[in-house]
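Commentary on secondary and tertiary structure
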Amino acid sequence: MKLKTLIISMMTSVTLVAGAAQAAELAIVSGDTGNGLAFLQEQLKKFTERTGHNVTIVPMPSSTTDQFGQYRLWLAAGNTDIDVYTTDVIWAPQLADQFLDLTEAAADVAGDHFPSIIESQTVDGKLVALPAYTDAPALFYRSDLLEKYGKEVPTTWAEMRATAQEIMDAERAAGNPDMWGFVFQGNAYEGLTCNALEWVKSYGGGQIVEADGTISINNEQAIAALEEVRTWIGTISPEGNLAYMEEESRGVWQLGNAVFMRNWPYAYALGEGDDSAVKGKFGVAPLPAGEGEGARSAATLGGWNYAVSKYSANPEAAIELALFLTSDEIQKERAIKQTNLPTLEALYDDAEIAEAAPIIPNWKEIFQNAVPRPSAPTKSDYNEVSSLFWSAVHNTLSGNGSAAENLEVLEADLEDLLN
Ligand code: GLC
């Protein structure tokens, strides 16, 4: 071996050994909605190539409620097996004590994200998680069917109900017995809280618990909203919709069996996929408004983040991973491939994103006007507040008590819990 080659080969092995010594074994937990885990896996491959750190995914069910229950137990027990948690926007105040403060690590990049999103992940001055994407739902509609029957995209829920019923009846008569008018997230879990907050807010019925802590849910407009939705069950929406989460509604929709669907932007990319029966046949619009004073279109603010466990044995590598997964590069790829809304403001002016995923720039205003769930005013009680709310709504939609009865009981329960 020539001397030069020998030196180079020695240098290479030294670098490899040094790299190996620093390489960490990390674990990240993440739920699976759509092909979210496959996307994450691709990104982790890049991360490993660049840093030498290995990352294992611990897959979780798609329900954010189930994830939260599990994470709370793991964190309370000081679990050292998980380094990075994928966290819902509503969890920061409840889990803040268990995660590392990322303020310093993110000092150079925090200013590039929308300030309100950074704020939502900041608890008593501590940056609890780094934003990966934000979320605000859409009314997905079958443009081919609206055209076929000469209908406009509905702007009120009553219009949506009428159009859904008419097209559904006509399509069934024309030979598709599986056709439904509207599918949404009606299971008793956090997703129903999101849907029902939209109905209530869209009728001018407030936000369950207001920013100043006032319990506002027991009011006439909220009752009117739930009474409207109750008429959908078994007519334009299947009874089974009361057990649907995001993926079940998308399943019905993507087979071509619903005129309308309420879902998050991730369903856009999947609906345009080659295996989708609705590819090229649908559009998205803001959710319909209710009726009466204060009626408006309302979208619940969602979104996902990465947090680093304070029990991680490799905090530095874990922080590097959280920074990588929330970076400009990955957010852009997420926007293009997953139609997830970036939290980095500059990406809304990115021509490649606008070309590949037109929903993204169009949704900037919608997520900026989206309604937050009351996780900030109710802090550590939020999960309980939400669970009382979705139960009252689920009972009402199942015909178990009227909206007025259930909201009165809910108000009393919330008073007991919060005051
Ligand atoms: C979406 C939202 C999340 C919300 C969940 C409810 O994933 O991004 O914030 O809690 O839906 O199912």
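Residues numbered from 1 in each chain as written. Predicted model: local features only at pLDDT ≥ 70, side-chain atom pairs only at ≥ 80, totals over all residues. Heavy atoms only, no water.

The next point concerns the overall build of the chain. Counting secondary structure elements, the chain contains 19 helices and 11 strands. Expected size for 419 residues packed as a compact globule is a radius of gyration near 22 Å; at 23 Å, the chain falls within 12% of this value. Overall size of the chain, expressed as C-alpha extent along the three principal axes, is 85 × 55 × 35 Å. A burial count over the chain gives 53% of its 419 residues as buried. The contacts of the chain with a sequence gap of at least 6 include a subset with a gap of at least 24, amounting to 74%. One way to put it: in the chain the 26 positive side-chain charges average out to a point 8 Å from where the 59 negative ones average out. (Helix = DSSP H or I, 4+ residues; strand = E, 2+ residues; numbered from the N terminus. Rg over C-alpha atoms; globule rule 2.2 N^0.38 Å. Buried < 20%, exposed > 50% of the residue type's maximum accessible area, 1.4 Å probe, protein only. Contact = heavy atoms within 4.5 Å. Lys, Arg positive; Asp, Glu negative; His and termini not counted. Charge placed at Lys NZ, Arg CZ, Asp CG, Glu CD.)

Right, let's get into the domain arrangement of the chain. If you check the domain split of the chain, you get domain 1 (2-135 + 302-370) and domain 2 (138-300 + 374-418). Centre-to-centre, using C-alpha coordinates, domain 1 lies 30 Å away from domain 2. Counting residues at the interface gives 25 residues for domain 1 and 24 residues for domain 2. Carbon and sulfur atoms make up 68% of the area that domain 1 and domain 2 hide from each other, which totals about 2000 Å². On the surface where domain 1 and domain 2 come into contact, there are zero salt bridges. Seen at the junction of domain 1 and domain 2, the total is seven residue pairs in polar contact (both at pLDDT 80 or more). Put simply, the parts of the chain that give the side of domain 1 that touches domain 2 at least two residues each are helix 3 (64-76), helix 4 (92-95) and helix 13 (328-338). (Domains from an automatic or database assignment. Buried area = accessible area lost by both parts, 1.4 Å probe. Salt bridge = Lys/Arg side-chain N within 4 Å of Asp/Glu carboxyl O. Polar contact = N/O pair within 3.5 Å; in protein donor to acceptor, adjacent residues only side chain to side chain.)

Within the chain, Asp124 stands out as a residue other than glycine whose phi angle is a positive 45°. Mapped onto the fold, Asp124 is located in the loop between strand 4 (122-123) and strand 5 (126-127). Of the residues examined, Asp124 reaches a relative accessible area of 82% and is grouped as exposed. Residues other than glycine seldom take positive phi values, yet Ile208 does so here, at roughly 75°. You can see Ile208 is positioned in the loop between helix 8 (190-202) and helix 9 (220-230).

On to the nonpolar core, then. Side chains of nonpolar character tend, in soluble globular proteins, to be buried together. If you look at the biggest cluster of nonpolar residues, it comprises 48 residues, and the most contacted ones within it are Leu26, Ile28, Leu40, Tyr306 and Leu321. The element that contributes the greatest number of residues to this core is helix 12 (residues 315-325), accounting for seven residues. Ignoring sequence-local partners within four residues, the contact set of Leu40 consists of Ile28, Ser30, Ile57, Tyr306 and Leu325. Residues Leu145, Val200, Val371 and Leu414 belong to the second largest nonpolar core, which totals 47 residues. (Core = buried A, V, L, I, M, F, W, Y, C linked by side-chain atoms within 4.5 Å.)

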